[in-house]
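Structural features, examined
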Amino acid sequence: IVWLDAQGHERARREATPGRQLLDVAVHRVSGDATLVEASADGYFLVRVDERGLTRGETPLVDDAILTDLPPLLPNESRSRIETMTHDTGRVAAHGERAFLGTRTGRHSVVGYWLTWTGASFVVDSRTLVVPAHAITPTALHGGSYDTFGQLDAHYGVSVAVDDSGVAWVGVEHARLESGAMVRAHERVFGEKLVTDPDWLDAFVTRVSASGQRLGTSVVSTPDDEQLYALRAIGTSVYALGRTEHWNASGTGFDALVAKIDANGSVAVSSFDVEAGDIA
C-alpha cells in the first residue's frame, strides 16, 4: 500500500506482513487510519495502521462457529478458516471507525463480520452467515488460452460495500461448474427460495444491517452468464459491477454489467456493449 500526497508524491509505503498476502484495505476518514486484510494458510488477519503506514495492532480472525454453521459439516469438508484453493477471498469496507469484513471459509460458506477497533485490537460486534456451505469445484484452462480477468478464481471471490445508512452489502457469483448447490443451500438454511435463470448462472447480493441482521438476498440475473467483480455503494443503494457473457465462437461475447440494488432489495440490470469483450 502506498500513501500519496496531493502532488502525487509518495509519503509512506507498507508491504504485506511476511508470510501473508495483502488482500484489501479500507480507510477511516476521521482518524486517517486504515484497516488491512491479510491472509495466509492460517486464515485471515486484520491489521490497523496509521497514516504513516505504521502498525497500531493486529487481530487474527478466529471463528470456530464455521464448523457448526448449517448445513451440518460433512466428513469430507474442509475445516479450514480460509478458502483453500485461493486466499483472495477477503474484502473490507469502512463505516466511520468500524469495519465490515466479508470472507469465504474452507467450507465455501461466506461470513460477514462487523468489527470495532478498541485502540489495541479488533472486537467482533456481530457475525452473520451470508452464504451457507456448498460445493465449489476448482476449474482450469484446457488448451492454449488465457484468463484475463481471473474468472477461474473469481467464483471464490467475495465483494463488500457499506452504504450511507450503515447497511453492509456482500456479493458473490455462481461457481464456474454450477449445479444449483448454492441456491439449494440458501433454501435449506434460510428458507429463502432464490429465483435464478435455469442454469443458476447469476450473481447474488445480500444485505446485512449495522447490527448484523441478515436482511435478504437479491439475484442479479439475465438469461446469460453473470460474473461479479465489485460492489460500489452510493447513498442507500449499491451497484454490482462485472460482465455478462453472450456466448460466441470468437470469445468476445462479454458485455459490461451494471446492476443497481435498492435499499429494499429490488434490482435493475443494465448491460453495455462496446466492441469486443467488455467489463465494468
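These remarks concern the structure in this document. (Residues numbered from 1 in each chain as written. Predicted model: local features only at pLDDT ≥ 70, side-chain atom pairs only at ≥ 80, totals over all residues. Heavy atoms only, no water.)

**Here we look at helix α2 (residues 181-190)**
Of all the residues in α2, the buried ones are A181, M182, V183, A185 and H186. On its buried face, α2 sits against β10 (122-131), β12 (168-173), β13 (203-208) and β14 (214-220). One or two positions beyond α2, positive phi appears at G191, with a value near 65 degrees. (Buried < 20%, exposed > 50% of the residue type's maximum accessible area, 1.4 Å probe, protein only. Helix = DSSP H or I, 4+ residues; strand = E, 2+ residues; numbered from the N terminus. Contact = heavy atoms within 4.5 Å.)

**Remarks on the pattern of salt bridges**
Close approach of charged atoms lets side chains of opposite charge pair. All chains considered together, the criterion is met by 18 salt bridges. Across the pair E38 and R14 runs a salt bridge whose closest N-O atoms are separated by 3.3 Å. With E38 in strand β4 (residues 34-40) and R14 in the loop between β2 (10-13) and β3 (21-27), this residue pair connects regions lying 24 residues apart in the sequence. Both residues of the pair, E38 and R14, belong to the buried class. Residue E192 is joined to R214 by a salt bridge in which the shortest nitrogen-to-oxygen separation is 3.1 Å. Placement of E192 in the loop between α2 and β13 and of R214 in strand β14 is noted, with a sequence separation of 22 residues between them. With respect to burial, E192 and R214 carry one shared label: buried. Salt bridges here are not isolated pairs; linked through shared partners, they connect R14, R20, E38 and E58. (Salt bridge = Lys/Arg side-chain N within 4 Å of Asp/Glu carboxyl O.)

**Re the pairing of β2**
Alignment of strand β1 (residues 2-4) against β2, held across three bridges, turns out to be antiparallel. From the neighbouring strand, W3 faces β2, where its bridge partner is A12. Where β1 folds back on β2, the antiparallel hairpin that results is connected by five residues, among which G8 adopts a positive phi of roughly 85 degrees. (Pairing = 2+ DSSP bridges.)

**A short note on empty space enclosed by the protein**
Under the counting rule described, the total for this entry stands at one cavity of 30 Å³ or more. When its volume is computed, the largest cavity comes out at roughly 40 Å³. Residue classes in the lining of the largest cavity are distributed as four nonpolar, two polar and two charged. (1 Å grid on protein atoms, 1.4 Å probe; cavity = no way out; pocket = protein on both sides within 12 Å on 5 of 7 lines; lining within 4 Å. Points joined across faces, edges and corners; volume = space filled by probe spheres on them. Nonpolar A, V, L, I, M, F, W, Y, C, P; charged D, E, K, R; others polar.)

**A look at the side chain of S109**
By the element assignment, S109 lies in the loop between β8 (98-104) and β9 (110-117). At 2.7 Å, the side chain of S109 forms a polar contact with the side chain of T105. With near-sequence residues (within four places) excluded, S109 lies in contact with T103, R104, L129, V131, P132 and A133. (Polar contact = N/O pair within 3.5 Å; in protein donor to acceptor, adjacent residues only side chain to side chain.)

**Observations regarding the packing of aromatic side chains**
Taken as a whole and judged by the stated rule, the model has three aromatic pairs. It is R20 that lies over the ring of F45; its NZ or CZ is 3.8 Å from the centre. Above the face of the F190 ring, R214 is positioned so that its terminal group lies 3.8 Å from the ring centre. (Phe/Tyr/Trp six-rings, centres within 6.5 Å; stacked < 30°, edge-to-face > 60°. Lys NZ or Arg CZ within 6 Å of the ring centre and 35° of its normal.)

**Here's the deal with the side chain of R243**
Tracing the backbone through its elements, the reader meets R243 in strand β16 (residues 237-245). The class for R243 is buried, based on a relative accessible area of 4%. Within the local environment of R243, its side chain forms a polar contact with the side chain of Q151, the two groups lying 2.6 Å apart. Not counting residues within four places of it along the chain, the set of residues in contact with R243 comprises F149, Q151, D225, E226, Q227, Y229, F254, D255, A256, L257, D278 and I279.

**Concerning the sheet that holds β9**
If you walk across this open sheet you meet the four strands as β7-β8-β9-β10, and the pairing is antiparallel. Across the chains shown, the open sheet's two edge strands, defined by having one partner strand only, are β7 (90-95) and β10. In this sheet, neighbouring strand axes are inclined to one another by 20 degrees on average, regardless of whether the strands run parallel or antiparallel. (Axes fitted to C-alpha atoms, helices over the stretch in contact; angles between N-to-C directions.)

**Notes on the layout of surface pockets**
Estimates place the volume of the largest pocket at around 770 Å³. In terms of lining, the largest pocket is formed by 32 residues, of which the most central are D24, V160, A161, L231 and R232. Looking at the lining of the largest pocket, the elements with two or more residues in it are β3, β7, α1 (151-154), β11 (159-162), β12 and β15 (225-234). Here the element with the most residues in the lining of the largest pocket is β15; it accounts for seven residues. Its residues assigned to classes, the lining of the largest pocket comprises 18 nonpolar, six polar and eight charged.

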